[in-house]
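# Structural description and commentary
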Amino acid sequence: MNEITPIQTKDLQSLQVVETSLVQRLLTPEPGINSEYPLFYHHGDGQAGYDTLRKAYFVQRGARISFNSYFNAFPAHLYDLKDREVTVEIRATGEFYLQFVMARHGRSWEHLYNSKVELGEGESEFVRLPTLPFDGLVYAEIIAVRDTVIHGIDYNIVGKPNKDVTLTAVITTFKRNDAVQTTGKRIQAYFDANPDLLPRFQLLVIDNGGDTDSIPFSKGRVIKNKNLGGAGGFTRGLMEVTDNQLSSHVLFMDDDASFFPESLRRTISVLQFSASENLAVSGAMITESQKWRMWENGATFDRSCRPIDNGRDLRNFHEVVAMSVGQPRHSKNKYAGWWYFCFPVSSVKVWPFPFFVRGDDSYFSLSNDFDIITMPGVASHQEDFFTKQSPLTLYLDMRYHIVHHLTFDDLEIGKRNIRKMAERYFNRFNNSYHYESAQAVNLAIEDVLAGDAFWEQNVDMAEKRKKIAGMTIREKVQDGVSIDITRLTKHSPRRNKGPWMSFWRSVTFNGHILPEKLFYKRAVLYPLDVRAIEHDTFLRPYSVTLDPSTGKGYTCKIDKKLYFENRKQFLALAKRLESEYENLRKRYTGASSTMTAKDAWKRRFGMTA
């Protein structure tokens, strides 16, 4: 990573060799990961863009291209640049005006550099940015005097790093070998082109009883493991790192993570040039369906997961600046998703809770003193969480929501509020004819009430997964769902809302005590990523949840008998949750040091404690 480059400094009377680190390279659009051009560059006054055949940016005479973008702005404000300089190498062919600008949030932008440049084939221009407080995003802009081709823009920091950072990436997989092989090939291709970074990186693939036996990466290794979910897989990787002192940092990544491997350089670099000993990098999450839109730029937890910067349009650079520079760095109860989370091994005091999946990442962040940041361009592209929703995922979510509030003092909300939280989730699904999901909420509460014994007996979740799969019939997503569009009305987010309608829905149990003659003739149609909406299901004979692009979906019909059976069970469980609250708090607070212990995990893996 620390490429030693001879440079001449003005402050010294003689030439010296100064340590120079390449910290960020120019990213290009790539189909399959992200090819939304405004996330890479903006252009104007003529023809400019990215040439997919030449794999280079181009600017025709008189045109302008600007790298004021999510993937290519340099987040100088995140680096400790005290007594250091920032230099930039531009590899291009042509004649052009080059300028560098620092974008700030809510303040004037700083124009750092402006000069005319002429470069031949294979030549580079080196720019030393002025020494001043860097409190924004730096980007390059080029205006072509004659046709210009841009091959690369490299940001470097001159000066010795604060830390010697090495990184072990851990991927957990279960029967998704194709995804693992694709990720391995992508990483190998990146390091073939960036060999300077290779000594600082290695990869562990934890195969949870699946079919992955090898990884096409020169510094990759597969470890066979019991299927204890993501919690068990990532913990096994962390254990391998700590037991063998493999690296200073660990990166948890999804097996099907669609990300630019350049994120690895940016992650290592910001860790090296950080004044914070416990700095951790959380990769953002962008959905596969809308690759221009931020889904989660880090998150906080309080009664629910609250994604930061959800919905921001990454095509708009002002939004990127507000998100990257304008947000407070420290937020209460902040956590990082394990699709991309890099942290220092030395800061791990509490190991993961055996949730199997879901909640393990937030529990891990909340338990340890990580200084979590996000970086522009460091992101994973994932399927929308709402499209994955099912009774099983709801069961998993409800468990960890309750456990978090029972465990952490900062999340202590009292017995009435913890009941209200559970009731809100239960009512949403039971009121909207998703009775199987409501049953899953009840099962989650019941299992949390069982305490330590439940978690140890169900660490592999095999029986619970089988049970929930067996009870998921109506809400099971089917292929080729047939619908009669004349008997459906599209979902409206405003229908049946307001004080009067809310009261009417409440006293009638969302219509479950009303005669069918008062119901609408048409059912309601929801998209797959918007489902189980109480107010819009009110007085509908049934609801259809459908992805029109694939034809996948399911139908939920009103069932008054099942509704009241679910409700009766919930009320009994909620009463227990309140009455046993203080005892549960003590048990789960204690479990944070016993069930999460490294030795406990070794026993689960069948290793010698």
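Scroll up for the structure.
This text gives an overview of the structure that appears in the document. (Residues numbered from 1 in each chain as written. Predicted model: local features only at pLDDT ≥ 70, side-chain atom pairs only at ≥ 80, totals over all residues. Heavy atoms only, no water.)

On to the side chain of N333. Assignment of secondary structure puts N333 in the loop between α4 (317-324) and β21 (334-335). Beyond its immediate stretch of four places on either side in the chain, N333 contacts A299, T300, F301, L366, D410 and L411. (Helix = DSSP H or I, 4+ residues; strand = E, 2+ residues; numbered from the N terminus. Contact = heavy atoms within 4.5 Å.)

So, on to the pattern of salt bridges. Two side chains with opposite charge may pair up if their charged atoms get near one another. Tallied over the entire structure, the rule returns 37 salt bridges. For K116, the salt bridge identified is with E95, shortest N-O distance 3.0 Å. Of this pair, K116 sits in strand β8 (residues 110-119) while E95 sits in strand β7 (residues 85-103), and the two are 21 residues apart along the sequence. Note on K116: relative accessible area 45%, which makes it partly exposed. Using a relative accessible area of 14% as the deciding quantity, one classes E95 as buried. With its nearest N and O atoms 3.2 Å apart, the salt bridge here joins E319 to R312. Its relative accessible area of 25% is what places E319 among the partly exposed residues. (Salt bridge = Lys/Arg side-chain N within 4 Å of Asp/Glu carboxyl O. Buried < 20%, exposed > 50% of the residue type's maximum accessible area, 1.4 Å probe, protein only.)

Moving on, we get to the sheet that holds strand β28 (residues 552-557). Strand order in the open sheet formed by four strands is β25-β26-β27-β28, with mixed pairing between adjacent strands. Of all strands in the sheet, those with a lone pairing partner are β25 (488-490) and β28, marking the two edges. If you compare each strand with its neighbour and ignore which way they point, the axes differ by 25° on average. Relative to strand β27 (residues 542-547), strand β26 (residues 523-527) runs parallel, the two being bridged by four bridges. When the bridges of β27 are listed, V524 appears paired with S543. (Pairing = 2+ DSSP bridges. Axes fitted to C-alpha atoms, helices over the stretch in contact; angles between N-to-C directions.)

Turning to empty space enclosed by the protein, a few remarks are in order. Counted according to the given criterion, the structure contains one cavity of 30 Å³ or more. Approximately 40 Å³ is the volume found for the largest cavity. Every residue along the wall of the largest cavity is listed here: Q24, R25, L26, F67, N72, A140, I153 and Y155. The residue makeup of the lining of the largest cavity, split by class, is five nonpolar, two polar and one charged. (1 Å grid on protein atoms, 1.4 Å probe; cavity = no way out; pocket = protein on both sides within 12 Å on 5 of 7 lines; lining within 4 Å. Points joined across faces, edges and corners; volume = space filled by probe spheres on them. Nonpolar A, V, L, I, M, F, W, Y, C, P; charged D, E, K, R; others polar.)

It is worth spelling out the layout of surface pockets at this point. A volume near 610 Å³ is recorded for the second largest pocket. Mapped by element, the contributors of at least two residues to the lining of the second largest pocket are β11 (148-158) and α1 (177-193).

A few words on helix α5 (residues 360-367). Three- or four-residue spacings in an α-helix give side chains the same orientation, since the helix completes a turn every 3.6 residues. Burial analysis of α5 places eight of its eight residues in the buried class, which makes it a mostly covered element. Listing the buried residues of α5 in full gives D360, D361, S362, Y363, F364, S365, L366 and S367.

Phi is positive for F509, close to 50°, though the residue is something other than glycine. Tracing the backbone through its elements, the reader meets F509 in the loop between α11 (499-507) and β26. Given the relative accessible area of 25%, F509 is considered partly exposed.

Pairing is mixed in the open sheet, where seven strands are placed in the order β14-β13-β12-β15-β22-β16-β23. Edge positions in the sheet fall to β14 (220-225) and β23 (371-373), since each has one partner strand and no second. The sheet shows a mean angle of 20° between the axes of neighbouring strands, direction not considered. Two elements, strand β15 (residues 249-254) and strand β22 (residues 340-344), share five bridges in a ladder whose sense is antiparallel. Within β22, the position partnered with H249 by the bridge is P344. With respect to the sheet, α1 is in contact with β12 (167-173), β13 (201-208) and β15, its orientation differing from that of β13 by roughly 175°.

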